[in-house]
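# A look at the structure
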Amino acid sequence: IPFDCPEDIANCLIEMDKEENHEIIKINDREIRYYIINFGKYIDNINNVRNELNNVDLIIIADGRKLIKRKELTELIPKLREKISPNTAIYFPTALPWEMPLLVYLGVDYFDYSSASYYASLGYQFTKNRMMITNNKSFDELLQHNMSILDEVIEEIRYCIKEGCLRNLVEETSISDPYLRANYR
């Protein structure tokens with residue numbers, strides 16, 4: 001669903017996509033049920049798919065790159081958490097290192113290395129708080145570096161959760177990005 005499409009079109013597309021967004025995959029002889037969340041900017045449509053969210057193991061948030069820069073992010077994840085089982089995980093693909101603490105704070109459980117690969121292919125190197133263009137490293141070197149930064153951020157998040165100071169980490173990392181700061185507030 002295009003993020004800014006008219007609401008009546010979004011509602012129609014959500015109705016059409018209900019069955020397509022609900023799938024089962026097999027991993028190591030275990031069935032995993034997942035549902036792809038894609039409401040555009042109309043987060044209230046979560047009520048229209050409430051039944052589809054029952055008995056789901058994993059919820060995948062589509063269009064995360066758009067959502068991270070919008071206030072709808074802080075509405076979507078808490079609303080999802082209210083409606084799903086505590087055993088259902090939320091997966092946010094393409095997260096950047098400085099976004100991950102806020103996303104975990106909001107309720108996201110899983111991330112991937114897709115941002116590391118994508119930005120390495122464009123010549124960007126991650127730090128914990130930003131990315132920088134670099135011309136003196138190969139794709140493989142950038143990919144390994146970016147993946148290691150993502151791993152370090154996850155390790156720090158785990159430590160902060162264990163120590164009860166995740167909120168402090170969110171405040172530290174969100175201060176450098178106005179969109180993250182607005183979502184945190």
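Reading guide: rules and limits
Numbering of residues starts from 1 in every chain and runs along the sequence as written. Local features in this predicted model are restricted to residues of pLDDT 70 or higher, and side-chain atom pairs are both shown and tallied only at a pLDDT of 80 or more, whereas totals for entire chains, interfaces and linings draw on every residue. Values reported for side chains reflect all heavy atoms of the structure, with hydrogen atoms and water molecules removed beforehand. The secondary structure listing takes helices from DSSP runs of H or I that are at least 4 residues long and strands from runs of E that are at least 2 residues long, numbered from the N terminus. Residue burial is assigned from relative accessible area. The probe radius is 1.4 Å, only protein chains are included, and a residue is buried under 20% of its type maximum, exposed over 50%, and partly exposed in between. Two residues form a contact once any of their heavy atoms are found within 4.5 Å. Distance and chemistry together define a polar contact, namely a pair of N or O atoms within 3.5 Å, with one atom able to donate a hydrogen and the other to accept it when in protein, and with adjacent residues in sequence counting only for side-chain atoms on both sides. The salt bridge criterion pairs a side-chain nitrogen of Lys or Arg with a carboxyl oxygen of Asp or Glu, the two atoms within 4 Å. We define a nonpolar core as any set of buried Ala, Val, Leu, Ile, Met, Phe, Trp, Tyr and Cys residues linked to one another through side-chain atoms lying within 4.5 Å. Two rings belonging to Phe, Tyr or Trp (six-membered ring only in the last case) form a pair when the distance between their centres is within 6.5 Å. Interplanar angles under 30 degrees mark stacking, angles over 60 mark edge-to-face geometry, and anything in between is tilted. This arc corresponds to the set of directions leading from the helix axis out to the C-beta atoms. In this description, a disulfide is simply a cysteine sulfur pair whose atoms lie within 2.5 Å.

### What to know about the overall build of the chain
- Looking only at helices and strands, the chain has eight helices and six strands in total.
- Put simply, the chain runs from its N terminus to its C terminus through helices and strands in the order α-β-β-β-α-α-β-α-α-β-β-α-α-α.
- Across the 185 residues in the chain, those meeting the buried criterion constitute 45%.
- Partitioning the contacts of the chain with sequence separation of at least 6, the portion at a separation of at least 24 is 57%.

### Some words on the environment of Asp-109
- Here Asp-109 lies in the loop between helix H4 (100-106) and helix H5 (114-121).
- Among the residues examined, Asp-109 registers a relative accessible area of 39% and is labelled partly exposed.
- It is 9.5 Å that separates the C-alpha atoms of Asp-109 and Leu-58, two residues lying 51 residues apart in sequence.
- Filtering out sequence-adjacent residues up to four positions away, Asp-109 remains in contact with Arg-81, Thr-88, Ala-89 and Ile-90.
- A distance of 2.3 Å separates the side chain of Asp-109 from the side chain of Arg-81, its partner in a polar contact.

### A look at the pattern of salt bridges
- Enumeration according to the criterion identifies three salt bridges in this entry.
- Across the pair Lys-128 and Glu-156 runs a salt bridge whose closest N-O atoms are separated by 2.6 Å. You can see Lys-128 sitting in the loop between strand S5 (124-126) and strand S6 (131-133) and its partner Glu-156 sitting in helix H6 (residues 139-163), a full 28 residues away along the chain.
- Look at Lys-128 and you get partly exposed, because its relative accessible area is 33%.
- Since its relative accessible area comes to 23%, Glu-156 is described here as partly exposed.

### Observations concerning the nonpolar core
- Counting residues in hydrophobic clusters, the biggest one holds 40 residues, and the most contacted among them are Ile-61, Leu-73, Ile-77, Leu-80, Phe-92, Leu-103 and Phe-111.
- For this core, the element with the highest residue contribution is H6, accounting for seven residues.
- When near neighbours in sequence (up to four residues on either side) are disregarded, Ile-61 contacts Ile-37, Leu-67, Leu-76, Ile-77, Leu-80, Ile-90, Tyr-91, Phe-92 and Pro-93.
- Tyr-34, Leu-58, Ile-60 and Tyr-91 belong to the second largest nonpolar core, which has five residues in total.

### Considering the packing of aromatic side chains
- Counted according to the given criterion, the structure contains four aromatic pairs.
- Aromatic side chains Trp-98 and Phe-126 sit 6.2 Å apart centroid to centroid with 80° between the ring planes, which places their arrangement in the edge-to-face category. On the criterion of sequence distance, the pair formed by Trp-98 in the loop between strand S4 (89-91) and H4 and Phe-126 in strand S5 is long-range, its members being 28 residues apart.
- Ring centres 6.1 Å apart and planes at 80° place the aromatic pair Tyr-119 and Tyr-124 in the edge-to-face group.
- Connected via pairs of aromatic rings, a cluster forms that spans Trp-98, Tyr-118, Tyr-119, Tyr-124 and Phe-126.

### As for H5
- Of all the residues in H5, the buried ones are Ser-115, Ala-116, Tyr-119 and Ala-120. Summarising the axial view, the buried residues of H5 lie within an arc of 125°, below the 170-degree limit, and thus occupy one face.
- Once H5 finishes, Gly-123 follows within two positions and takes phi at roughly 90°, a positive value.

### Section: the state of the cysteines
- Applying the stated rule across the entire model yields zero disulfides.
- Not part of a disulfide, Cys-160 finds its nearest cysteine sulfur in Cys-165, a span of 3.8 Å.

### A closer look at unusual backbone geometry
- Positioned with a positive phi, Thr-94 is a non-glycine residue whose angle comes to about 65°.
- For Thr-94, the position within the fold is in the loop between S4 and H4.
- On the basis of relative accessibility, which here comes to 27%, the residue Thr-94 falls in the partly exposed class.

These results come straight from atomic positions and should not be treated as a statement about function.
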